[in-house]
Amino acid sequence: MMNNFPYDMMTERPDALERLDLKVYWGNYEIRVLRFHLITFPAGKMVSFHKHAEYEFHFIPRGKGMVILEQEPFHLREGMFYLTGPGVMHYQEADAGEAMDELCLHVDIVNLAEKEKGQGRRTRHAADPWEIAEAQDCMEKLKALPLKPVMDVHRAMPYFLEAYQAAHMKYAGLYTTIKHSVIQILLRAARAYETEPMEALLPARDMKAYRFQLAMEYIEANSAGEIVLEDVADKLHVSSRQLQRIIKDLGDGRSFSEILEDIRLKAVCRRLAETKEPIDVIAGLEGFSSGSYLHTVFKKRFGMTPTEYRVLHAKL
């Protein structure tokens, strides 16, 4: 008999997960959980041919037995998984001399986009397009899975225990944990039949635009102090020359010093309009060496002095 069976704790409250009215939303799908448990088939136990209108995921964490899928018999052993989709006739039997445990996830999967389209309504929820695509891909794979057991090579089984622990121990964020577990079981089950690893297509950033955005955020946050191009490049882990090219391409033709000056003048204008602080004070607060230097730069840019701007735009 195997010691330290990791799923023993699930026998304490076998219906802990099934007492929850679980509806998991993933992409354009609603996944309604019907059964979610660990069950033990005593040695020699037989479950006659039957079928379901939904998907039933069967994992064997311990023991051995057999399953007949439609008319094809297969031996089952520890670590195996098989899926019975809607309408698939199947028969189960534990070995005559050894009990067989089964982790079962029984779900009804509804494509909300198709359902609501048929009802003449727009989809009522918004999901990340990458999540929509991955959920769609997984569902298509589940529909096409062959009727035969395989090894649970991607370790979907531990997610049964993770979901049970969350429900039984009432973790903070237990719903999110259970949702994550259900989705992982579906994903890893579908992946178990892949003969070769698929290259994942992941969302990729436009790194030039991303670095430009980070540069602008850093300049704005530090514009009141002494800041030079090399400082910003160092924070972004790029060379000064590379950052110059990024700014030239995405900064509307402005140089680093022009962008810095624009940001400082914008802050000066806000202070002129919203406060009564002296011009010399504002100059020091926003990175200008003196009030007279601010006066020169400001008049060259706006055609008026800081004082004249304040008279026109004062909010106090």
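Scroll up for the structure.
Residues numbered from 1 in each chain as written. Predicted model: local features only at pLDDT ≥ 70, side-chain atom pairs only at ≥ 80, totals over all residues. Heavy atoms only, no water.

### With respect to the packing of helix 8 (residues 256-274) against helix 11 (residues 306-313)
Part 1 of the reasoning: In contact at an axis separation of 8 Å, helix 8 and helix 11 are set at 55 degrees when each is read in the N-to-C sense. Regarding the angle of helix 8 to helix 11, the classification is oblique. Considering the relative orientation of helix 8 and helix 11, their crossing is right-handed. Where helix 8 abuts helix 11, its residues C269, R271, L272 and A273 lie against P306, Y309, R310 and H313.
Part 2 of the reasoning: Within the contact of helix 8 with helix 11, the residues separate by chemical class into five nonpolar, one polar and two charged. (Axes fitted to C-alpha atoms, helices over the stretch in contact; angles between N-to-C directions. Helix = DSSP H or I, 4+ residues; strand = E, 2+ residues; numbered from the N terminus. Parallel < 35°, antiparallel > 145°, perpendicular 65-115°, else oblique. Left-handed = near helix turned anticlockwise from the far one by under 90°. Contact = heavy atoms within 4.5 Å. Nonpolar A, V, L, I, M, F, W, Y, C, P; charged D, E, K, R; others polar.)

### Things to note about unusual backbone geometry
Part 1 of the reasoning: Positive phi is not limited to glycine here, since E70 has a value of about 60 degrees.
Part 2 of the reasoning: Looking at the secondary structure, you find E70 in the loop between strand 4 (55-69) and strand 5 (72-77).
Part 3 of the reasoning: A positive phi angle, near 55 degrees, is found at R155, a position not held by glycine.
Part 4 of the reasoning: Classification of R155 by relative accessible area gives exposed; the value is 54%. (Buried < 20%, exposed > 50% of the residue type's maximum accessible area, 1.4 Å probe, protein only.)

### Overview of the side chain of R310
Part 1 of the reasoning: On the secondary structure map, R310 appears in helix 11.
Part 2 of the reasoning: Summary of buried charges: R310 has no salt-bridge partner, and the nearest side chain of opposite charge, E277, is 5.8 Å away.
Part 3 of the reasoning: At 3.1 Å, the side chain of R310 forms a polar contact with the backbone oxygen of T275.
Part 4 of the reasoning: Discounting residues that sit within four places of it in the chain, R310 has contacts with R271, L272, T275, K276, E277, I279 and I282. (Lys, Arg positive; Asp, Glu negative; His and termini not counted. Salt bridge = Lys/Arg side-chain N within 4 Å of Asp/Glu carboxyl O. Polar contact = N/O pair within 3.5 Å; in protein donor to acceptor, adjacent residues only side chain to side chain.)

### Some points on the pairing of strand 4
Part 1 of the reasoning: Counting buried positions over the 15 residues of strand 4 gives 13, a clear majority of the element.
Part 2 of the reasoning: Of the strand pairs in this sheet, strand 4 and strand 8 (residues 100-111) are connected by seven bridges, and their pairing is antiparallel. From the neighbouring strand, H58 faces strand 8, where its bridge partner is C104.
Part 3 of the reasoning: Taken together, the five bridges between strand 4 and strand 6 (residues 80-84) define a ladder with antiparallel strand orientation. Following the sheet pairing, F59 is matched in strand 6 by F81.
Part 4 of the reasoning: Taken together, the six bridges between strand 4 and strand 5 define a ladder with antiparallel strand orientation. Paired with K64 across the strands is R77, a residue of strand 5.
Part 5 of the reasoning: Connecting strand 4 to the next strand, strand 5, in antiparallel fashion are two residues, including E70 with a positive phi near 60 degrees.
Part 6 of the reasoning: Pairing between strand 4 and strand 7 (residues 90-94): five bridges, direction antiparallel. (Pairing = 2+ DSSP bridges.)

### Focus: helix 5 (residues 207-222)
Part 1 of the reasoning: The end-to-end C-alpha distance of helix 5 is 22 Å, a good match for the 22 Å that 16 residues give at a rise of 1.5 Å each.
Part 2 of the reasoning: Where helix 5 is concerned, the buried positions are F212, A215, M216 and I219. Projected onto a plane normal to the axis of helix 5, the buried residues spread over an arc of 100 degrees and lie on a single side.
Part 3 of the reasoning: For helix 5, the elements touching its buried residues are helix 6 (229-236), helix 7 (240-250) and helix 8.
Part 4 of the reasoning: Of the residues flanking the start of helix 5, the one acting as N-cap is D206, its side-chain oxygen 3.2 Å from the backbone nitrogen of K208. (Expected span 1.5 Å × (residues − 1). Arc of directions from axis to C-beta.)

Read these as geometric descriptors, not functional statements.
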